[in-house]
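This is what each chain is made of:
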Amino acid sequence: RKEVEQDPGPFNVPEGATVAFNCTYSNSASQSFFWYRQDCRKEPKLLMSVYSSGNEDGRFTAQLNRASQYISLLIRDSKLSDSATYLCVVKGGYNKLIFGAGTRLAVHP
Amino acid sequence: GAGVSQSPSNKVTEKGKDVELRCDPISGHTALYWYRQSLGQGLEFLIYFQGNSAPDKSGLPSDRFSAERTGGSVSTLTIQRTQQEDSAVYLCASSLVGRGGKQGRGNTIYFGEGSWLTVV
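Describing the interface of chain B and chain A
Line of reasoning, step 1. Taken together, the 22 residues of chain B in the interface contact 21 residues of chain A.
Line of reasoning, step 2. Of the roughly 1800 Å² buried at the junction of chain B and chain A (both faces included), carbon and sulfur atoms supply 53%.
Line of reasoning, step 3. Seen at the junction of chain B and chain A, the total is zero salt bridges.
Line of reasoning, step 4. Breaking the side of chain B that touches chain A down by element, the ones donating at least two residues are strand E4 (31-37), strand E5 (43-50) and strand E9 (109-111) of chain B.
Line of reasoning, step 5. Tallied by class, residues from the side of chain B that touches chain A come to 10 nonpolar, nine polar and three charged.

In C-alpha cells:
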C-alpha cells in the first residue's frame, strides 16, 4: 500500500463547478499535511497547509479527518486557471515529505 | 537569487556516463530535499539533508546515486553509469525549518525548477 494515495483523475469540470479531491495516508502518526499545486512541466508550489480544524483560503477549503486518515480539498467556483495537478503531501518521520501521485483537474469553458 | 536554483536545467547524456546535478537552496534554509519525477508520475523522495545531521538516504534507488551537501548550503546529486530509466526531472527543494519543526510558513518547502535529465 502506498503511503499517500490519491485518485489520479482526471476530473473534467465546467467553469463555476465545485470539485472535491480526497487523499488517504497510511501513517497514523503523521502530523503535518499540505496541498501542493503543480502545473504542467513546472515545479510544485504550496497551495495550502491543512490544519486539524480545517482551513479556508478564498475558494479553497481543506479538511483533515484523522480518524479515517484522509485529507480533502474543495474548490468552489472553479476557474480555467485552476486546471493543474493537485498533490497531497504528508509529513512523515524526520520531516520527510511524502507526495501523492497527484489528481489532475481540467476546468473547461 | 530569491528562490531555489538548480543546474543544469536540461541535460542529455549517453547511457553509462556520469552526471552531476546541482542545487543552490534559499539562503538560510537548513533543510534540503531531492525528489525525482518521471513523466506523468508523482514525486519520488530521494534524499534529505538537515543541518549537520546525517542525511536520510532511504529514497536513493541504487548505489549509483549519491548526494552531498557542502557547507550546509549547495548540494550535488551524482548519478553514476546512467541508465535510460534514470530519465526524469530531478527536483530540489529547501525549507527553513527541518527536523521537528512546527506547522506553519517556516515549514513550507520551496522547489527549484528542476533539472530535466534525458539518458539516450
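Structural notes on the state of the cysteines
Line of reasoning, step 1. Scanning all chains against the criterion turns up two disulfides over all chains.
Line of reasoning, step 2. With a sulfur-sulfur separation of 1.9 Å, Cys23(A) is cross-linked through a disulfide to Cys88(A). Disulfide Cys23(A)-Cys88(A): the torsion about the S-S bond is -70°, which places it as left-handed. Placement of the pair is Cys23(A) in strand E3 (residues 19-25) and Cys88(A) in strand E9 (residues 84-91), with a sequence separation of 65 residues. Assigned by exposure class, Cys23(A) and Cys88(A) land together as buried.
Line of reasoning, step 3. Here Cys23(B) is linked by a disulfide to Cys92(B), with a sulfur-sulfur distance of 1.9 Å. Measuring the twist about the S-S bond at about -65°, one finds the Cys23(B)-Cys92(B) disulfide to be left-handed. Placement of Cys23(B) in strand E3 (residues 19-24) and of Cys92(B) in strand E8 (residues 88-95) is noted, with a sequence separation of 69 residues between them.

Quick word on the side chain of Arg36(B)
All names here are of chain B.
Line of reasoning, step 1. Note on placement: arginine 36 falls in strand E4.
Line of reasoning, step 2. Within the local environment of arginine 36, its side chain forms a polar contact with the side chain of tyrosine 90, the two groups lying 3.5 Å apart.
Line of reasoning, step 3. If we ignore the near neighbours within four places in the chain, the residues touching arginine 36 are Gly42, Leu43, Glu44, Leu46, Pro61, Phe65, Glu85, Asp86, Ala88, Val89 and Tyr90.

Structural notes on the pattern of salt bridges
All names here are of chain A.
Line of reasoning, step 1. What the rule picks out here adds up to seven salt bridges over all chains.
Line of reasoning, step 2. Aspartate 39 serves as the salt-bridge partner of arginine 37, at 2.9 Å between the closest nitrogen and oxygen.
Line of reasoning, step 3. Arginine 76 is paired through a salt bridge with glutamate 56; the nearest N and O atoms lie 3.4 Å apart. Here the residue arginine 76 occupies a position in the loop between strand E8 (70-75) and E9, and glutamate 56 occupies one in strand E6 (residues 55-57), the gap between them amounting to 20 residues.
Line of reasoning, step 4. Owing to a relative accessible area of 26%, arginine 76 belongs among the partly exposed residues under this scheme.

A few points about the nonpolar core
Line of reasoning, step 1. Ranked by size, the top nonpolar core spans 24 residues in total, and within it Phe21(A), Trp35(A), Ile71(A), Leu73(A), Ile75(A), Tyr86(A) and Leu105(A) carry the most contacts.
Line of reasoning, step 2. Listing elements by their share of this core, those giving two or more residues are E3, strand E4 (32-38), strand E5 (45-50), strand E7 (60-65), E8, E9 and strand E11 (103-108) of chain A.
Line of reasoning, step 3. Those residues within four positions of Tyr86(A) in sequence are excluded, and the remaining contacts are Gln6(A), Phe21(A), Trp35(A), Tyr36(A), Arg37(A), Leu47(A), Phe60(A), Leu73(A), Ile75(A), Gly102(A), Thr103(A) and Leu105(A).
Line of reasoning, step 4. Formed by 20 residues, the second largest nonpolar core is a distinct cluster that contains Leu60(B), Ala67(B), Leu77(B) and Val119(B).

Looking at empty space enclosed by the protein
Line of reasoning, step 1. Tallied over the full model, the rule gives one cavity of 30 Å³ or more.
Line of reasoning, step 2. The computed volume of the largest cavity comes to approximately 40 Å³.
Line of reasoning, step 3. Its residues assigned to classes, the lining of the largest cavity shows four nonpolar, four polar and one charged.

Considerations on the sheet that holds E6(A)
All names here are of chain A.
Line of reasoning, step 1. With antiparallel pairing, the five strands of this open sheet are ordered in space as E1-E3-E8-E7-E6. Single-partner strands in this sheet number two, and they are strand E1 (4-6) and E6. In this sheet, adjacent strand axes meet at a mean angle of 20° when their direction is disregarded.
Line of reasoning, step 2. Both E6 and E7 contribute to a ladder of three bridges, which runs antiparallel. When the sheet's bridge partners are listed, asparagine 55 is paired in E7 with alanine 62.

Quick notes on the sheet that holds strand E7 (residues 75-79) of chain B
Residue and element names in this part refer to chain B.
Line of reasoning, step 1. In spatial order, the strands read E1-E3-E7-E6; together these four strands make up an open sheet with antiparallel pairing. Single-partner strands in this sheet number two, and they are strand E1 (5-7) and strand E6 (65-69). Across the sheet, the mean angle separating the axes of adjacent strands is 15° when strand polarity is ignored.
Line of reasoning, step 2. Across five bridges, the pairing between E6 and E7 is antiparallel. Of the residues in E7, the one forming a bridge with arginine 69 is serine 75.

The rules behind the values
Residues numbered from 1 in each chain as written. Chains lettered and ligands numbered in written order. Predicted model: local features only at pLDDT ≥ 70, side-chain atom pairs only at ≥ 80, totals over all residues. Heavy atoms only, no water. Contact = heavy atoms within 4.5 Å. Buried area = accessible area lost by both parts, 1.4 Å probe. Salt bridge = Lys/Arg side-chain N within 4 Å of Asp/Glu carboxyl O. Helix = DSSP H or I, 4+ residues; strand = E, 2+ residues; numbered from the N terminus. Nonpolar A, V, L, I, M, F, W, Y, C, P; charged D, E, K, R; others polar. Disulfide = S-S within 2.5 Å. Buried < 20%, exposed > 50% of the residue type's maximum accessible area, 1.4 Å probe, protein only. Polar contact = N/O pair within 3.5 Å; in protein donor to acceptor, adjacent residues only side chain to side chain. Core = buried A, V, L, I, M, F, W, Y, C linked by side-chain atoms within 4.5 Å. 1 Å grid on protein atoms, 1.4 Å probe; cavity = no way out; pocket = protein on both sides within 12 Å on 5 of 7 lines; lining within 4 Å. Points joined across faces, edges and corners; volume = space filled by probe spheres on them. Pairing = 2+ DSSP bridges. Axes fitted to C-alpha atoms, helices over the stretch in contact; angles between N-to-C directions.

In short, the description is geometric, and any link to function would need to be established separately.
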